[in-house]
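Chain by chain, the residues run as shown.
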Amino acid sequence: MSIDYKKQELPMIKNLAEAPDEEFYLPGHRTCAGCGPALTYRLVAKAAGKNTIFLGPTGCMYVANTSYSCGPWAVPWIHAQITNGGAVASGIEAAYKARIRKGTCDIDVFPNIIVMAGDGGAVDIGLQAISAAFYRGHDILVVCYDNESYANTGIQTSPSTPYGAWTSFTPAGPVVPEGKKLFPKDGPALFAYGHPELRYVATASIAYPVDLMNKIRKGLNQDGPAYVHIHAICPKGWVFPCNKIIEVGKLAVQTGMYQLYEIIDGQRILTHAPKKLKPVEEYVKLQGRFAHLQPEHIKKLQEFVNAKVKAIGIEATVPPAN
Ligand SMILES: Cc1ncc(C[n+]2csc(CCOP(=O)(O)OP(=O)(O)O)c2C)c(N)n1
Ligand code: SF4
């Protein structure tokens, strides 16, 4: 689909000191102290800038931000169902394109249209609508802020929840001592391979904010759909002190539990590959959601991580603990 409207080109940010000062996600919301998804929103809004429309499928970043009858955004925002973020964004994009074509809209630069979906709203209940939007090739950016659970409803398991994590739907007990038995769904890979119009896929983490903002800008600079999956640490759901979110976020990457990369034209480019991985145990032991795990469960998790990082080209694996 050829471009028939003016797009802005957002420049890359060299370092934190050169990041824009202006905020478009402002103080005043009922998110938890130390909420990773709130920091995600702040960074995404900062990177995207003024010419932006946000969509919020139901989840913490809708409910906690807007309770009650207010909101922290300095740009337009609309609520979407958890099931239909991709479809609502498609409608907004199509409306802008039609009105620009018909000359009934006086904007001169096409807006950034950004879905901010939780992992439930992106890779589970909302997957179908996002896949359809990517298939049709709408000029939108879908961000999954991945807090690895259905958080707003009280921390229930989602397909992003790691193996072995306690949630209120996967409590550890005598029959299922590891809590969650299933290994997580690979959201970014699921979108990346199979949507011919999808221009850009990346993973990012709040612990690497400049990288995150640049990936958002790269996604927005595409003439077509883009997907950025962000590790958005949730101290409430993962059960650890709220001043440790960056430490936990870095450890996720340093242990290989979360991997940072871009996928362009089917090619994966690692954007941060640790030379030597730390054992997953270092990550696990900081979080109450894993407190029930036995050594054999941690071994299973380490084996999963080793296979995963190897598959994407990170060679440094850790021998599973006995
Ligand atoms: C169709 C539908 N099913 C269930 C719900 C209930 N619900 C509200 S918020 C929420 C959790 C959303 O989880 P996620 O998308 O991961 O975002 P988070 O709350 O973790 O930020 C659910 C299940 C709903 N609002 N709509
Ligand atoms: S439960 Fe997690 S995602 Fe929701 S507001 Fe609290 S810290 Fe943020």
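A. Structural view of the sheet that holds strand β5 (residues 200–205). Spatially, β2-β1-β3-β4-β6-β5-β7-β8 is the arrangement adopted by the eight strands of the open sheet, whose pairing is mixed. Only two strands of the sheet have a single partner each, and these edge strands are β2 (77–80) and β8 (267–272). When strand polarity is set aside, the average angle formed by the axes of neighbouring strands in this sheet is 20°. Sheet topology note: the strand β1 (residues 52–57)/strand β3 (residues 112–118) ladder contains four bridges and is parallel. Across the sheet, Leu55 pairs through a bridge with Val115, a residue of β3.

B. Fine view of unusual backbone geometry. The step from Ser67 to Tyr68 runs through a cis peptide bond, and the omega angle for that step is -5°. Mapped onto the elements, Tyr68 comes out in the loop between α2 (60–66) and β2. At Ser69, a position not held by glycine, the phi torsion is positive, near 55°. Unusually for a residue other than glycine, Asp265 sits at a positive phi of about 50°. Inspection of the secondary structure puts Asp265 in the loop between β7 (260–264) and β8.

C. The packing of aromatic side chains, seen in detail. Scanning the model with the defined rule gives eleven aromatic pairs in all. Ring centres of Phe183 and Phe304 lie 4.6 Å apart, and the angle between their planes is 35°; this geometry places the pair in the tilted category. Of this pair, Phe183 sits in the loop between β4 (141–146) and α6 (187–192) while Phe304 sits in helix α11 (residues 295–311), and the two are 121 residues apart along the sequence. Judged by relative accessible area, Phe183 falls into the partly exposed class, the value being 31%. Here the aromatic cluster, defined as three or more aromatic residues joined through ring pairs, consists of Tyr25, Tyr41, Phe54, Tyr62, Trp73 and Trp77. In this structure, Arg268 packs its charged tip against the face of Tyr261, placed 4.3 Å from the ring centre.

D. Geometry of the pairing of β7. With four of five residues buried, β7 is to be regarded as a mostly interior element. As paired elements, β5 and β7 share two bridges and run antiparallel to each other. Pairing of Ala202 across the sheet is with Glu262, part of β7. Where β7 lies against β8, five bridges are found, and the strand directions are antiparallel. What sits directly across from Leu260, in β8, is His272.

E. Broad picture of the site of ligand 2. Near ligand 2 the following residues occur: Thr31, Cys32, Cys35, Pro37, Cys60, Asn147, Cys234, Pro235 and Lys236. Here the shell around ligand 2 is composed, by residue class, of six nonpolar, two polar and one charged.

F. Up close: the pattern of salt bridges. A full pass over the atoms with the stated rule returns twelve salt bridges. As a salt-bridge pair, Glu23 and Arg42 come within 2.8 Å of each other at their nearest N and O atoms. A residue pair is termed long-range when its members are at least 10 positions apart, and Glu23 in the segment before α1 (36–48) and Arg42 in helix α1 qualify at 19 residues. Because the salt bridges share partners, they merge into one network encompassing Glu23, Arg42 and Lys46.

Parameters at a glance
Position labels on residues start from 1 in each chain and follow its written sequence. Whichever chain is written first is A, and whichever ligand is written first is 1; the rest continue in order. Side-chain atom pairs in this predicted model are given and counted only at pLDDT of 80 or more, local residue features only at pLDDT of at least 70, and totals for whole chains, interfaces and linings cover all residues. To get the side-chain values, all heavy atoms of the structure are used, and hydrogens and water are removed first. Strands are labelled as partners when DSSP assigns at least two bridges between them. In this description a helix means any DSSP run of H or I spanning at least four residues, a strand means any run of E spanning at least two, and both kinds are numbered starting from the N terminus. In this analysis, axes come from line fits to C-alpha atoms, helices being fitted only over the stretch in contact, and the angle between any two N-to-C directions falls in the range 0 to 180 degrees. Pairing of aromatic rings covers Phe, Tyr and Trp, the last through its six-membered ring, and needs centres within 6.5 Å; plane angles under 30 degrees mean stacked, over 60 mean edge-to-face, and all others mean tilted. Residue exposure (1.4 Å probe, protein chains only): buried if accessible area is under 20% of the type maximum, exposed if over 50%, otherwise partly exposed. In our convention, an over-ring charge means Lys NZ or Arg CZ found within 6 Å of a ring centre and within 35 degrees of that ring's normal. Being near a molecule or strand, for a residue, comes down to having at least one heavy atom within 4 Å of it. Under this grouping Gly is polar, as are all residues other than the nonpolar Ala, Val, Leu, Ile, Met, Phe, Trp, Tyr, Cys and Pro and the charged Asp, Glu, Lys and Arg. Here a salt bridge means any side-chain nitrogen of Lys or Arg lying within 4 Å of a carboxyl oxygen belonging to Asp or Glu.

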